[in-house]
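# Per-entry structural report
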Amino acid sequence: MPSADLHLRNIRLGRPVRGESRVDIDICAGRIECIKPASASPGNAVCGTIIDGADLIAYPGFVNAHMHSNEAFEQGCYEGQALEIWLAMAYPPLAREKLPPRLHYLRAMMVALQSLRSGVTALHDDFLNPGCCDDDLENVLDAYRDVGVRASVAVTFGDRPYLDALADGRQFCPPELAAKLDALPVGEFASQKRFFENALNRLDRRGESRLSLSLGPRGPQRCTPGLLRGVAELAARHGVPVHMHLLESRAQALAAYRQYGKTFVEVLDDFGLLGPRLTLNHAVWLTSSDIALIAASGAKVVHNPLSNFKLSSGLCPLKKLLAAGITVGLGSDGPATGDTADFLETIRMAALVHKLDVEEESEAPSANRIVAMATEDGAATMGGKGRFGEIKVGQEADLALLDASHFAFVPLNDAERQLCYSATSSAIHTVIVAGRVVFANGKSTLLDEQALRAEIREYADRFRHVVIPGRTAANRDVLPFLRQVLNNARLHADSFNTVNRVRLP
């Protein structure tokens, strides 16, 4: 749907352009057509809608560069656990469940509505769909279309048996449990490739420029060399980004040495995946040589501070990544780890947590740097550099307008610092995506939000009473074995030579 012209008058920029703190912004056909010094009155004779910006602060729309909509109904389900334990609870390998397609729509809708409330205009959804179900994927895309947000959805790839993806997994797994785990179906690249290309064709027929697909291999520990090479070829052929979890835990660092005798970054480089199309999610357990390889390749990273701390993964070496010139975006991760899709919580955590690392040769990222990570750098991880993520003539008009009268900005000393350290989502006034107002007056402008909330609650309650107990029962034999795997990884932790300075127990 083409956007009507929109005109922002006398609005303050959270990130000033050419020294101008207050400007007029004209938006036409979904793009920023003109930015000029503020006019004397908001009532200029123009066609379209005028927004008086006298009491507003405009930022580029925030970009949540990594999240999982399929965890939306699991906020508060789990205490902080080591990643591998948490994964077994949230994604139990032995559970047998078939979820209705509508549930996938409602979970994506729930995180999208929460995202708008925190000024997010674009998000990357690593929607885990190992069964390659067309209806499930289409329902997620439908939700993002209906709510008006910009979204990229990852298509799942993976082909290693469960035990082979765990460091020394077969050594510690009881034979009876190993037989059950080995009987699980394992994906194969040809069918996953076919699913992706069919989905890409369907998306093309939709003709919705705000929606896109990426390739989502499930971490190198879960992928064979053939699959990794195949994903690299697919990305090059179709010109799409690749988003991959990488070295989120010490057990994954050990898995790299067990599988290949080198780090996973070196493995990705060997197989042709390490390059400008690749974004690495988490990237906690990196070596100095890994950082140099990532920087040289042009690959990007998404930092997920909320989940890394809750799951005791450690602290991403953000200062070293930035010092090396690596583009880093921010992600909330799934609502079952960070326990919120409120992106301002992620911004605040990222702005504060690196002050824990008292390494003397570099300072923690400034508020200015954090805001860049939350906007233009996040856009770059989605393949959107130059298209969205900045308030700049020619770019798509994705904007978050915050209330300057909110106590977080009174007095207004520094808009970026106060965004990072003071603001809450209650300061979000209006959200604009591709020149269309999609959130205002505390609610979505495109949907009957009240009716959707009622349906979401109904499905979420059913999920809580039916799905969660089944997952708990399916894990009785798996969790004790995984604790042995983790204890083994701890014994080897000092041999990884990583730069992860702040390690949690």
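Residues numbered from 1 in each chain as written. Predicted model: local features only at pLDDT ≥ 70, side-chain atom pairs only at ≥ 80, totals over all residues. Heavy atoms only, no water.

## Details of the overall build of the protein
For the protein, the count of helices and strands is 18 helices and 17 strands. Compactness check: the protein gives a C-alpha radius of gyration of 22 Å against a globular reference of 23 Å for 505 residues, within 12% of the reference. Expressed along its principal axes, the backbone C-alpha trace of the protein runs to roughly 75 × 50 × 40 Å. When burial is assessed residue by residue, the protein has 58% of its 505 residues classed as buried. Once local pairs closer than 6 in sequence are excluded, the contacts in the protein between residues at least 24 apart make up 78%. Of the side-chain charges in the protein, 54 are positive and 59 negative, and the distance between the mean point of each set is 1 Å. (Helix = DSSP H or I, 4+ residues; strand = E, 2+ residues; numbered from the N terminus. Rg over C-alpha atoms; globule rule 2.2 N^0.38 Å. Buried < 20%, exposed > 50% of the residue type's maximum accessible area, 1.4 Å probe, protein only. Contact = heavy atoms within 4.5 Å. Lys, Arg positive; Asp, Glu negative; His and termini not counted. Charge placed at Lys NZ, Arg CZ, Asp CG, Glu CD.)

## With respect to unusual backbone geometry
The linkage connecting valine 410 with the following residue, proline 411, adopts the cis geometry, with an omega of -10°. Mapped onto the elements, proline 411 comes out in the loop between β14 (399-403) and α16 (415-421). Positive phi values are uncommon outside glycine, yet alanine 283 reaches one of about 50°. Inspection of the secondary structure puts alanine 283 in the loop between β11 (278-282) and α10 (288-297). Classification of alanine 283 as buried rests on a relative accessible area of 0%.

## Some words on the nonpolar core
The biggest cluster of nonpolar side chains holds 138 residues, and the ones touching the most others in it are Phe73, Tyr144, Leu213 and Phe481. It is helix α2 (residues 101-117) that contributes the most residues to this core, 10 residues altogether. Beyond its immediate stretch of four places on either side in the chain, tyrosine 144 contacts Met67, Ser69, Ala108, Val111, Ala112, Leu123, Asp125, Val149, Ala151, Val153, Arg210 and Leu211. In terms of nonpolar packing, the next biggest core, distinct from the first, is built from 17 residues, Leu6, Val23, Ala58 and Leu399 among them. (Core = buried A, V, L, I, M, F, W, Y, C linked by side-chain atoms within 4.5 Å.)

## What to know about the packing of α2 against helix α3 (residues 134-147)
The interhelical angle for the contact between α2 and α3, taken along N-to-C directions, is 35°, at an axis separation of 8 Å. Relative to α3, the crossing made by α2 is right-handed. Along the contact surface, α2 presents Pro101, Arg102, His104, Tyr105, Ala108, Met109, Val111, Ala112, Leu113 and Leu116, while α3 presents Asp135, Asp136, Asn139, Val140, Asp142, Ala143, Tyr144, Asp146 and Val147. In the contact of α2 with α3, the residues fall into 12 nonpolar, two polar and five charged. (Axes fitted to C-alpha atoms, helices over the stretch in contact; angles between N-to-C directions. Left-handed = near helix turned anticlockwise from the far one by under 90°. Nonpolar A, V, L, I, M, F, W, Y, C, P; charged D, E, K, R; others polar.)

## Overview of the pairing of strand β7 (residues 120-125)
Most of β7 is tucked away, with six of its six residues classed as buried. When strand β6 (residues 62-67) meets β7, the two strands line up parallel, connected through four bridges. The residue of β7 that forms the bridge with methionine 67 is aspartate 125. As paired elements, β7 and strand β8 (residues 150-157) share four bridges and run parallel to each other. The partner of histidine 124 across the bridge, within β8, is serine 152. (Pairing = 2+ DSSP bridges.)

## Some points on the state of the cysteines
Scanning all chains against the criterion turns up zero disulfides. Looking at the unpaired cysteine 223, the closest cysteine sulfur is the one in cysteine 132, lying at 13 Å. Residue classification places cysteine 223 among the buried residues on the basis of a relative accessible area of 0%. (Disulfide = S-S within 2.5 Å.)

In short, geometric facts, not functional conclusions.
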